[in-house]
Amino acid sequence: MRIESMSPLARWWYALKPASWPKVLVPALFGQAVGAAAAGHLSLGALVFGVLWMVADVSFVVLLNDWGDREVDALKRRMFPQGCSPKTIPDGILPAGALLAAGLGAGAVALLLAWGAGVVLGRPLLLPLAASGLLVFAVYTLPPLRLNYRGGGELLEMVGVGGVLPTLHAYAQCGQWAPAWWVSLAPGLLALSLSSALASGLSDEESDRAGGKRTFTTVLGNAVVRRSAEVALFVGVLLWLAASCLAEDAPPLVVVVPAVVLALPFAMRLVGRSPSAVTNAFGAQSAYKGELHRAIWWGTFVLSVLVLVVGLGGWK
């Protein structure tokens, strides 16, 4: 990629990392689905709010994450100039000040959208929930706390992506922050979000360690974190299945089984790729995380669609 020939639009598109958006878009879709199922109808207004809010939220997260990690990113580029893709700030794609301003602006837009939608939809908790989602990220990556540098980043990501985000979207649809189907399926989604969060640190192990960043990978090592991510993935999909079998207020098996059946082959392929995804094997790590993401994203997407179809069909 020739950075000097990139247009301003291409630079901002690169900085926004659209390939990473499903990590938050899929849980948001899940929240919309369980909320609509609880309400018995799909609110177009809540759906429009969800789409607009997610664009603002993703922009807030991605841009400020690059701003917060600019020093460690620069260190990684010096350590592995051929081993990772260009970084937005260290490689001069965009200046740090521009990312900070745009990220903070996106956060302000997200709060304004939540306030306005709260008034229009009659959802007074939308603004506090939206603020909570932004706060989780701020605590994750921004000073003074920066828990992603102090050993708590993966757990915060699990709570934010797997908990707060779907709750906000479910509430937008139905006015309940904890509808029954969401409560029964939440443990599985939290486990899947933890799996993704654990795997995300694999490719940054040595640069994070050199930069003083404390993550599960820098503390426990590559092999332990890989196995933990795999266990969390299998636990997540099995918790969905267990909820459907054991919980009274859970979606029926016809909703859950197709999602589990779709996720498991990707999970098995993940395990097969695991031995090669060792420290600094960046290509193998990328393939490994690709299988993990396909298991989570496709499984959750199918679950969301079936929750919506069966929920709106009145099969409770």
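As shown above, the structure is provided for reference.
### Focus: the environment of Leu-241
Here is step 1: Positionally, Leu-241 belongs in helix α11 (residues 222–246).
Here is step 2: Residue classification places Leu-241 among the partly exposed positions, given a relative accessible area of 27%.
Here is step 3: Discounting residues that sit within four places of it in the chain, Leu-241 has contacts with Leu-253, Val-256 and Val-257.

### Focus on the packing of aromatic side chains
Here is step 1: The full count for this structure, using the stated rule, is six aromatic pairs.
Here is step 2: Here Trp-298 and Phe-301 contribute two aromatic rings whose centre-to-centre distance is 5.9 Å and whose plane-to-plane angle is 85 degrees, an arrangement assigned as edge-to-face. Placement of the pair is Trp-298 and Phe-301 together in helix α13 (residues 282–312), with a separation of three residues, close to one helical turn.
Here is step 3: By relative accessible area, Phe-301 is classed as partly exposed at 35%.
Here is step 4: Just above the ring of Trp-67 sits the side chain of Arg-70; from NZ or CZ to the centre is 4.3 Å.
Here is step 5: Positioned above the aromatic ring of Tyr-149 is the side chain of Lys-213, whose terminal nitrogen or guanidinium carbon lies 4.8 Å from the ring centre.

### Concerning a nonpolar patch on the surface
Here is step 1: Taken together, the side chains of Leu-42, Leu-44, Leu-47, Val-48, Val-51, Leu-52, Val-55 and Leu-312 make up a nonpolar region of the molecular surface, amounting to roughly 670 Å² of accessible area.
Here is step 2: A per-element tally of the nonpolar patch places helix α3 (residues 44–68) first, with six residues.

### A closer look at helix α4 (residues 70–79)
Given 3.6 residues to a turn, an α-helix orients residues that are three or four positions apart in the same direction.
Here is step 1: Within α4, the full set of buried residues consists of Val-72, Asp-73, Ala-74, Leu-75, Lys-76 and Arg-77.
Here is step 2: Of the surrounding elements, those touching the buried residues of α4 are α3, α9 (205–210) and α13.

### Considering the nonpolar core
Here is step 1: With 42 residues, the main nonpolar core has Phe-49, Trp-53, Met-54, Leu-126 and Leu-168 as its most contacted residues.
Here is step 2: Put simply, the parts of the chain that give this core at least two residues each are α1 (8–16), α2 (22–39), α3, α5 (96–121), α6 (126–141) and α7 (153–174).
Here is step 3: Sorting elements by how many residues they give to this core places α3 first, with eleven residues.
Here is step 4: Within the second largest apolar cluster, 37 residues are counted, among which are Met-158, Val-255, Leu-292 and Val-307.

### Looking at unusual backbone geometry
Here is step 1: Pro-144 follows Pro-143 through a cis peptide bond whose omega is 10 degrees.
Here is step 2: For Pro-144, the location among the structural elements is in the loop between α6 and α7.
Here is step 3: Of note, the phi angle at Lys-17 is positive, near 50 degrees, even though the residue is not glycine.
Here is step 4: Mapped onto the elements, Lys-17 comes out in the loop between α1 and α2.
Here is step 5: Taking the relative accessible area as the measure of exposure, Lys-17 reaches 32% and is therefore partly exposed.
Here is step 6: Phi is positive for Asn-280, close to 70 degrees, though the residue is something other than glycine.

### Quick notes on the pattern of salt bridges
Opposite charge on two side chains permits pairing when their charged atoms draw close.
Here is step 1: Scanning the entire structure with this criterion turns up ten salt bridges.
Here is step 2: Here Glu-157 ties to Lys-23 by a salt bridge, and the two come within 2.7 Å at their closest N and O atoms. Remark: Lys-23 occurs in helix α2 and Glu-157 occurs in helix α7; sequence separation between them is 134 residues.
Here is step 3: Using a relative accessible area of 12% as the deciding quantity, one classes Glu-157 as buried.
Here is step 4: Close ionic contact of Glu-291 with Arg-294 constitutes a salt bridge, the shortest N to O distance being 3.6 Å. With Glu-291 and Arg-294 both in helix α13 and three residues apart, the pair spans about one turn of that helix.
Here is step 5: By relative accessible area, Glu-291 is classed as buried at 0%.
Here is step 6: Look at Arg-294 and you get partly exposed, because its relative accessible area is 33%.
Here is step 7: Through salt bridges with shared partners, one network takes in Arg-269, Arg-273, Glu-291 and Arg-294.

The rules behind the values
Residues numbered from 1 in each chain as written. Predicted model: local features only at pLDDT ≥ 70, side-chain atom pairs only at ≥ 80, totals over all residues. Heavy atoms only, no water. Helix = DSSP H or I, 4+ residues; strand = E, 2+ residues; numbered from the N terminus. Buried < 20%, exposed > 50% of the residue type's maximum accessible area, 1.4 Å probe, protein only. Contact = heavy atoms within 4.5 Å. Phe/Tyr/Trp six-rings, centres within 6.5 Å; stacked < 30°, edge-to-face > 60°. Lys NZ or Arg CZ within 6 Å of the ring centre and 35° of its normal. Patch = residues over 30% accessible without salt bridge, like charges linked within 9 Å, V, L, I, M, F, W, Y side chains within 5 Å. Areas by Shrake-Rupley, 256 points an atom, 1.4 Å probe, with all protein chains shown as cover. Salt bridge = Lys/Arg side-chain N within 4 Å of Asp/Glu carboxyl O. Core = buried A, V, L, I, M, F, W, Y, C linked by side-chain atoms within 4.5 Å.

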